[in-house]
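# Examination of the molecular architecture
Residue-level listing of the chains:
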Amino acid sequence: MTSPADPARLAERFPVRGEVARRPAAEREAVLERLSFGVDFTDHMARAIHTHGQGWHDRELLAYGPLTLSPATSVLHYGQEIFEGLKAYRHADGSIWTFRPERNAERFNRSARRLALPELPVEDFLGSIAALVSADREWVPSTPGSSLYLRPFAFASEAFLGVRSAHEVTYLVIASPVGPYFAKGFKPVAIWVSTDYHRAGPGGTGAAKTAGNYAASLLPQDEAAAQGCEQVCFLDAATNTVLEELGGMNIFVVGSDGTVRTPALTGTILEGVTRSSVIQLLADRGRSVVETQIPLDELLQGIRSGDVAEVFACGTAAVVTPIGRLAGKGFDLAIGDGEPGAVTSELHASLTDIQYGRADDPHGWLHRLV
Ligand SMILES: *Cc1c(COP(=O)(O)O)cnc(C)c1O
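This structure is a prediction, so every number in the text was calculated from the model and none was measured.

## Describing the overall build of the protein
- A count of helical and extended segments in the protein gives 9 helices and 17 strands.
- The globule rule puts the C-alpha radius of gyration for 370 residues at 21 Å, and the 21 Å found for the protein is close to it.
- Overall size of the protein, expressed as C-alpha extent along the three principal axes, is 65 × 50 × 35 Å.
- Within the span of the protein, comprising 370 residues, buried residues form 52% of the whole.
- Taking contacts inside the protein between residues at least 6 apart in sequence as the whole, the part at least 24 apart equals 72%.
- Counting every atom, the protein has about 15600 Å² of accessible surface; 52% of that belongs to carbon and sulfur.
- Computed over 33 positive and 44 negative side-chain charges, the inter-centroid distance for the protein is 2 Å.

Shown next, in the form of structure tokens:
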């Protein structure tokens, strides 16, 4: 496990300003006993402001609460926004860790470049998280599978209706104690493959973690729900034939011969930290992952013939999630026997064992916060 020389020193970049009222312990305990996803938030939030010509300033930790925004605030009109998602995990000894946060910091800056937002120094990304988790450490749950979900984001906060990149940008980090993403836990989910809508196209923003990609995914997501599916899988916009990813998760296909494939990063897919960790965990077990084009037709044929044994999705929020049904216009197929597959289950266990400190961390993925 790697630990920065001093997480407390990084956190000093975001000092607490003013008096922040903490919610009573009984209220906090009640929240931690009925965890959902993204509903409850902690006492603090981290903030920094970027002003054109001045750079980042006013880094601080303040009370979690409503923002006051002009109705002309640029992000409300043009959607210039980026975000990240990572988790803080409590280990059995009470210490609190996060997973590969420098990857999120780097991706945040790649997203920033695509959305014409200012990049944030990596020390500020890490410092804001360290400060927030340290201040709100009592909000990190300890029940199995739970964590404190961290949501850093930056948006055009300038009040201006002209169309250009904003001259004032606000960076915030909020934190939400969460249980499992899917209500039914580690059970196969159903996926609807959308052939009518796409989330990203060549030259677009598919590789950036930005609000607009999610906005574009909501109508197809509703369509998926109407078909009894939890999530939607998108095909490439250019040919409408090749698998890309889910609205917020990457996808993997496991062959009955043990081969594993995942869609190659073509610029329209978000490069998940979980995706790259899964590729490494499989490589550690002597299974190479082929990053390639996966035509939908070929996948359906493989499921029918039994050449495809397992399909799973992965991302920080949902970790590793088995897919037990793949449906779309003209097809509706079951994958597996209703239980998670062997490879999917092993990956879920290996990854969470590292994140919760139950196993060695041979790649130095953990970063201590408290
Ligand atoms: C965040 C996200 C993922 C998963 O990324 P992780 O770093 O593994 O959490 C996958 N696809 C999309 C579209 C995303 O926004």
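## Describing the site of the ligand
- Around the ligand, the surrounding shell holds 15 residues, and the nearest of these are K209, Y214, E245, T274 and T316.
- In this structure, R107 approaches the ligand through a side-chain N or O atom, which is 2.8 Å from an oxygen atom.
- Between the ligand and T274 there is a distance of 2.6 Å, counted from an oxygen atom to a side-chain nitrogen or oxygen.
- Protein contacts shield 97% of the accessible area of the ligand, which totals 380 Å² for the unbound molecule.
- Looking at side-chain class alone, the shell around the ligand contains 4 nonpolar, 7 polar and 4 charged residues.

## What about the domain arrangement of the protein?
- Along its sequence, the protein is carved into domain 1 (7-179 + 360-368) and domain 2 (189-339).
- Using C-alpha coordinates to define each centre, domain 1 is positioned 28 Å away from domain 2.
- In this assembly, 21 residues from domain 1 lie in contact with 20 residues from domain 2.
- For the pair domain 1 and domain 2, the two sides together bury roughly 1600 Å², of which 57% comes from carbon and sulfur.
- The largest per-residue losses of area from domain 1 upon contact with domain 2 belong to F83, R107 and R114, which jointly make up 33% of the total buried on that side.
- One can count 1 salt bridge joining domain 1 with domain 2.
- For R110, the salt bridge goes to E271, with nearest N and O atoms at 3.8 Å.

## What to know about the packing of aromatic side chains
- All told, the structure shown has 10 aromatic pairs when counted by the stated rule.
- Ring centres of F41 and Y64 lie 5.2 Å apart, and the angle between their planes is 5 degrees; this geometry places the pair in the stacked category. A residue pair is termed long-range when its members are at least 10 positions apart, and F41 in the loop between helix 2 (25-33) and strand 1 (44-51) and Y64 in the loop between strand 2 (55-63) and helix 3 (74-78) qualify at 23 residues.
- A ring pair is formed by F252 and F312, whose centres lie 5.0 Å apart and whose planes are at 5 degrees; its orientation type is stacked. Of this pair, F252 sits in strand 11 (residues 250-255) while F312 sits in strand 14 (residues 308-315); the two residues are 60 residues apart in sequence, bridging distant segments of the chain.

## So, helix 6 (residues 211-226)
- Under the 1.5 Å per step criterion, the end-to-end length of helix 6 is 23 Å for 16 residues, consistent within 8% with the ideal 22 Å.
- Maximum bend of helix 6: about 35 degrees, positioned at L218, with proline P220 one to four residues after it.
- Among all positions in helix 6, only N213, S217, P220 and A224 are buried.
- Considering only its buried residues, helix 6 is in contact with strand 8 (189-194) and strand 9 (231-235).

## Some details on helix 4 (residues 101-114)
- Taking 1.5 Å of rise per residue, 14 residues should cover 20 Å, and helix 4 covers 20 Å from first to last C-alpha, within 8% of that figure.
- Of the positions making up helix 4, those classed as buried are P101, N104, A105, R107, F108, N109, S111 and A112.

## Some points on the environment of G306
- By the secondary structure assignment, G306 is in the loop between helix 8 (296-305) and strand 14.
- Owing to a relative accessible area of 36%, G306 belongs among the partly exposed residues under this scheme.
- Residues G306 and D236, spaced 70 residues apart in sequence, show a C-alpha to C-alpha distance of 25 Å.

## Topic: the pairing of strand 7 (residues 168-178)
- Of all 11 residues that make up strand 7, 10 are buried, and the element is covered over most of its length.
- Across 6 bridges, the pairing between strand 1 and strand 7 is antiparallel. Across the sheet, residue I49 finds its bridge partner in strand 7, namely T170.
- Strand direction decides the pairing type here: strand 6 (residues 147-156) and strand 7, joined by 10 bridges, are antiparallel. From the neighbouring strand, A154 faces strand 7, where its bridge partner is Y171.

Conventions adopted
Residues numbered from 1 in each chain as written. Predicted model: local features only at pLDDT ≥ 70, side-chain atom pairs only at ≥ 80, totals over all residues. Heavy atoms only, no water. Helix = DSSP H or I, 4+ residues; strand = E, 2+ residues; numbered from the N terminus. Rg over C-alpha atoms; globule rule 2.2 N^0.38 Å. Buried < 20%, exposed > 50% of the residue type's maximum accessible area, 1.4 Å probe, protein only. Contact = heavy atoms within 4.5 Å. Areas by Shrake-Rupley, 256 points an atom, 1.4 Å probe, with all protein chains shown as cover. Lys, Arg positive; Asp, Glu negative; His and termini not counted. Charge placed at Lys NZ, Arg CZ, Asp CG, Glu CD. Near = heavy atom within 4 Å. Polar contact = N/O pair within 3.5 Å; in protein donor to acceptor, adjacent residues only side chain to side chain. Nonpolar A, V, L, I, M, F, W, Y, C, P; charged D, E, K, R; others polar. Domains from an automatic or database assignment. Buried area = accessible area lost by both parts, 1.4 Å probe. Salt bridge = Lys/Arg side-chain N within 4 Å of Asp/Glu carboxyl O. Phe/Tyr/Trp six-rings, centres within 6.5 Å; stacked < 30°, edge-to-face > 60°. Expected span 1.5 Å × (residues − 1). Bend = angle between axes of the 7 residues up to and from the residue. Pairing = 2+ DSSP bridges.

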